[in-house]
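Here is how the chains run, residue by residue.
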Amino acid sequence: MRKKLFCCLIAAIITMAGALSLGNAAPIAGNTVSIETVDNYLRENGFSEEFILQTGEQAKRTLYKEGGVFESDSTLNISPMMELGQDWEGFTATLTASHLSYEDNVSTKFLVFNWKWNTSVPLNVLCDAVSIYWGDSFTAIPSSAGFEISGRGTAYEAEQRHPGPGMESLPFELSSLSFLYISGDSAITQYEPNVGIAFKFNVDENMTKKMYYGSSWADYRIAMNDFGGSYSIKIVKTNSNPNYNGYNSAVANYFRWTSTTTYDFSFSIGYPGGVNLNIDPNLESYYEKSVDKAVSFRYMN
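Basis of the calculations
Residues numbered from 1 in each chain as written. Predicted model: local features only at pLDDT ≥ 70, side-chain atom pairs only at ≥ 80, totals over all residues. Heavy atoms only, no water. Helix = DSSP H or I, 4+ residues; strand = E, 2+ residues; numbered from the N terminus. Buried < 20%, exposed > 50% of the residue type's maximum accessible area, 1.4 Å probe, protein only. Contact = heavy atoms within 4.5 Å. Areas by Shrake-Rupley, 256 points an atom, 1.4 Å probe, with all protein chains shown as cover. Phe/Tyr/Trp six-rings, centres within 6.5 Å; stacked < 30°, edge-to-face > 60°. Pairing = 2+ DSSP bridges. Core = buried A, V, L, I, M, F, W, Y, C linked by side-chain atoms within 4.5 Å.

Caption draft 1: The overall build of the chain, seen in detail. Counting secondary structure elements, the chain contains three helices and 18 strands. In the chain, buried positions account for 52% of the 301 residues. A sequence separation of at least 24 residues applies to 80% of the contacts in the chain between residues at least 6 apart. Surface accessibility of the chain: about 14100 Å² in total, with carbon and sulfur atoms responsible for 49%.

The following block contains the structure:
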């Protein structure tokens, strides 16, 4: 029997189903282990509770599978590439660099750009964009790119079947659900080899997630005033000097479209110069760029 919002279900001990995959979704890395195991691994290897909370499940599982170790993030770095300024009210973002390996003079890093919107009113996200720029050095592995949207979910429809002892009321809200995962080339709108990547996207209130509880289920709709995302990429570089352990830098940005109508654009990705948008000069005032989120990392660490 189908009911709206107020039906009863959910066994307290049942683990939630994995993230809904849309687009060109790849198999979940490390899917044979629980997300609790993944999170504990991240804690033991230097990642903060905030990173664990904000990062999409797919990116976290990649770090677990490939033995990632925290190296640095944009809250710790003061870089010449960083601009001083202030982001929008209700917006926070962090770029994190993780070390995966250094073998045969080849350095492999994993960059994750997390952002979060927490606003008093719902947002329109019609054609926003994110980018990660690392300059003329490392090379990206496009197949490793990942884009995830997660946030608070509000139940709007559910079905209960054969409730048993221990069943509780359906939670009207769940604080964190994964609503979208896109991987590989589908998660890259534009890529400039050795320089950076960028991706444009939209988020709307029709983005939903079905959760199963035994033979029962519930549909949750994303809360447009409380959601965020993760954009991630693996980068590699051969170190021509085996004894050199110098620094490299990366910068991430969020591009916000403030109009209520959609607009198509392309990216300009260059070294030097970073990532910018190619847009009609008459529409420039509708696009805003976040403060640079800059991070530095070493070759061998």
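Once the structure has been displayed, the description carries forward.
Caption draft 2: View of the packing of aromatic side chains. Enumeration according to the criterion identifies 26 aromatic pairs in this entry. Look at Tyr-244 and Tyr-299: their rings are 5.5 Å apart centre to centre, the planes differ by 50°, and that puts the pair in the tilted class. Taken together, the residues span a long stretch of sequence, with Tyr-244 in the loop between β13 (216-238) and β14 (247-257) and Tyr-299 in the segment after β18 (293-298) at a distance of 55 residues. Among the residues examined, Tyr-299 registers a relative accessible area of 7% and is labelled buried.

Caption draft 3: Highlighting the pairing of strand β16 (residues 274-278). Where strand β15 (residues 266-270) lies against β16, five bridges are found, and the strand directions are antiparallel. Note on β16: the bridge partner recorded for Ser-268 is Asn-276. Where β15 folds back on β16, the antiparallel hairpin that results is connected by three residues, among which Gly-273 adopts a positive phi of roughly 125°.

Caption draft 4: Broad picture of helix α3 (residues 57-65). The buried count for α3 comes to seven of nine residues, which makes it a mostly enclosed element. Listed as buried for α3 are Glu-57, Gln-58, Ala-59, Lys-60, Arg-61, Thr-62 and Leu-63. Following α3 by one or two positions, Gly-67 adopts a phi angle in the positive range, close to 70°.

Caption draft 5: The nonpolar core, seen in detail. In terms of nonpolar packing, the biggest core is built from 49 residues, with Leu-111, Phe-113, Trp-115, Trp-134, Phe-147, Tyr-231 and Tyr-254 touching the most fellow members. Take this core: its biggest share by element is eight residues, from β13. What Trp-115 contacts, discounting residues up to four positions off in sequence, is Phe-91, Thr-92, Ala-93, Val-130, Phe-147, Ile-149, Phe-201, Gly-228, Gly-229, Ser-230, Tyr-231 and Tyr-254. Among the nonpolar cores identified, the runner-up in size contains 16 residues, and Ala-198, Phe-255, Phe-267 and Ala-294 belong to it.

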